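# Report on the structure
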Amino acid sequence: MKRDLLTVLDLTREEIEALLARARELKAWQRQGRSHTPLAGKTLAMIFDKPSTRTRVSFEAGMAQLGGTSIYLAPGQTQMARNEPIPDTARVLSRYVNGVVIRTFAQETVEELARHADIPVINGLTDTHHPCQVLSDLLTVRERFPDLSHLKVAWVGDGNNMANSWITAALHLDFTLYLACPKGYEPDTALLQQAQKTGKRVYLTQDPQAAVADVQVINTDVWASMGQEEEAAARRQVFKPYQVNSELLKLARPEAIVLHCLPAHRGEEITSEVLDGPQSAAWDQAENRLHFQKALLEWLLG
Ligand code: CP
Ligand code: NVA
């Protein structure tokens, strides 16, 4: 049976662990210059309704490195933009290619595509989830802190798709997650309730200082996500106390790392000093998209 990755909750804990281990191995092989082309003859379609640098390039490069091919379908350039139904698109793509990555607005669109496709569907970001990012981020975190069970992770800023994705990761793995979000900008309530009901250590506060105290990982993201451009000015006011800067970073553990999925708005959610500083893991984090997604593609399409 085909498998999809629409949210982290589509995977079991064991599958996440296996993918992380495989990603580390593929990363090492790439460093050694070892060729590995299990996806020769396979094709990945990539439907993008929003812009992208990392997701597009890491999936395309990953497919090429694994011996396969990818087809980038830019915003507005498929017949879906002219209202061809998603189920029809899913059926047709299933006759041509071996998998689909889709970046779009509504999570329901990704779910509908997956329901009607005979091939694996990978969520390349929606308004509510970005599973490939958080799973790659776990690889980055693991490289620095092998034992997740004693790890404290803070999320500072908008309760957006990345915040939700971190909650889904905490539902499967054993780290403690503190989220600091302004009132009215909280992550998905159902996910928070699920964490509470299952006894997971996921805590929501409005106080960024409290959230980062003694943590090993600080995470942030833009204050206005793609599709929220017209709210950007208003959000800049609300989110001002949530900037990840040197003062805030001092409250975390001395060995703490800072993650940002990028693109970053320097001087807003993060200062240049922190993003370019010695505790920033953002560039390794961007690189690890490639290695994690290669493990994912190999598993789903292989
Ligand atoms: N982090 C991330 O998904 O970046 P892109 O928007 O550039 O793909
Ligand atoms: N929250 C951001 C993430 C970008 C990778 C957005 O959705 O725009």
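Let me begin by describing the structure that accompanies this report. (Residues numbered from 1 in each chain as written. Chains lettered and ligands numbered in written order. Predicted model: local features only at pLDDT ≥ 70, side-chain atom pairs only at ≥ 80, totals over all residues. Heavy atoms only, no water.)

## Some remarks on the overall build of the chain
- Of the regular secondary structure elements, the chain holds twelve helices and nine strands.
- Expected size for 302 residues packed as a compact globule is a radius of gyration near 19 Å; at 19 Å, the chain falls within 12% of this value.
- Seen through its C-alpha atoms, the chain measures out along the principal axes to roughly 55 × 45 × 40 Å.
- Across the 302 residues of the chain, 55% fall into the buried class.
- Of the contacts formed within the chain by residues at least 6 apart in sequence, a portion of 75% connects residues at least 24 apart.
- Accessible surface for the chain amounts to roughly 12,800 Å². Of this, 50% is attributable to carbon and sulfur atoms. (Helix = DSSP H or I, 4+ residues; strand = E, 2+ residues; numbered from the N terminus. Rg over C-alpha atoms; globule rule 2.2 N^0.38 Å. Buried < 20%, exposed > 50% of the residue type's maximum accessible area, 1.4 Å probe, protein only. Contact = heavy atoms within 4.5 Å. Areas by Shrake-Rupley, 256 points an atom, 1.4 Å probe, with all protein chains shown as cover.)

## Thoughts on the site of ligand 1
- Neighbouring residues of ligand 1: Ser52, Thr53, Arg54, Thr55, Arg103, His130, Gln133, Cys261, Leu262 and Arg289.
- Within the backbone of Arg54, a nitrogen or oxygen atom sits 2.8 Å from an oxygen atom of ligand 1.
- At a separation of 2.9 Å, an oxygen atom of ligand 1 approaches a polar side-chain atom of His130.
- Protein contacts shield 96% of the accessible area of ligand 1, which totals 250 Å² for the unbound molecule.
- Grouping the constituent residues of the shell around ligand 1 by class yields two nonpolar, five polar and three charged. (Near = heavy atom within 4 Å. Polar contact = N/O pair within 3.5 Å; in protein donor to acceptor, adjacent residues only side chain to side chain. Nonpolar A, V, L, I, M, F, W, Y, C, P; charged D, E, K, R; others polar.)

## Details of the site of ligand 2
- Neighbouring ligand 2 are the residues Leu125, Asn160, Asn161, Asp221, Val222, Ser225, Met226, Cys261 and Leu262.
- Between ligand 2 and Asn160 there is a distance of 3.3 Å, counted from a nitrogen atom to a side-chain nitrogen or oxygen.
- Tallied by class, residues from the shell around ligand 2 come to five nonpolar, three polar and one charged.

## Section: the pattern of salt bridges
- Taken as a whole and judged by the stated rule, the model has 20 salt bridges.
- Among the ionic pairs, Asp276 bridges to Arg266, the shortest N-O distance being 2.5 Å. Of this pair, Asp276 sits in the loop between helix H11 (272-275) and helix H12 (282-301) while Arg266 is found in the loop between strand S9 (257-260) and H11, placing the two residues ten residues apart along the sequence.
- For Asp276, a relative accessible area of 49% puts it in the partly exposed group.
- Among the ionic contacts, a cluster of salt bridges with common partners joins Lys152, Asp214, Arg253 and Glu255. (Salt bridge = Lys/Arg side-chain N within 4 Å of Asp/Glu carboxyl O.)

Fair warning: the whole summary comes from geometry, so function is off the table for now.
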